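# Structural features, examined
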Amino acid sequence: MNALDKNKKKCTAWCEDCEEVFDNIIDSEIHKDFKKHRIKLIEFWTISKR
């Protein structure tokens with residue numbers, strides 16, 4: 001990674017109980033609180049050239 005790269009920290013989450021996948025933390029937290037399921041969260045960086 002160098003100074004000309006654009007990067008963003010992103011995440012994905014999925015429910016370990018019903019196999020549902022989420023693209024943001026807010027939706028996964030709502031699912032977790034509402035259905036009392038377990039959520040696995042993965043954070044990663046996306047890097048692209050300018």
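Above this text you will find the structure in question.
Residues numbered from 1 in each chain as written. Predicted model: local features only at pLDDT ≥ 70, side-chain atom pairs only at ≥ 80, totals over all residues. Heavy atoms only, no water.

## Comments concerning the overall build of the protein chain
- Each helix and strand counted, the protein chain has one helix and three strands in total.
- Listed N to C, the secondary structure of the protein chain is β-β-α-β in terms of helices and strands.
- Computed over the C-alpha atoms, the radius of gyration of the protein chain is 14 Å, more than 25% above the 10 Å expected from 2.2 N^0.38 for a compact globule of 50 residues.
- Considering only C-alpha atoms, the protein chain reaches an extent of 45 × 15 × 10 Å along its principal axes. (Helix = DSSP H or I, 4+ residues; strand = E, 2+ residues; numbered from the N terminus. Rg over C-alpha atoms; globule rule 2.2 N^0.38 Å.)

## What to know about the pairing of strand 1 (residues 5–15)
- The sheet contact formed by strand 1 and strand 3 (residues 39–49) spans eleven bridges and is antiparallel. Within strand 3, the position partnered with Ala 13 by the bridge is Leu 41.
- The sheet contact formed by strand 1 and strand 2 (residues 21–22) spans two bridges and is antiparallel. Within strand 2, the residue paired with Ala 13 across the bridge is Phe 22.
- Adjacent in sequence and paired antiparallel, strand 1 and strand 2 are bridged by five residues, among which Glu 19 carries a positive phi angle near 65°. (Pairing = 2+ DSSP bridges.)

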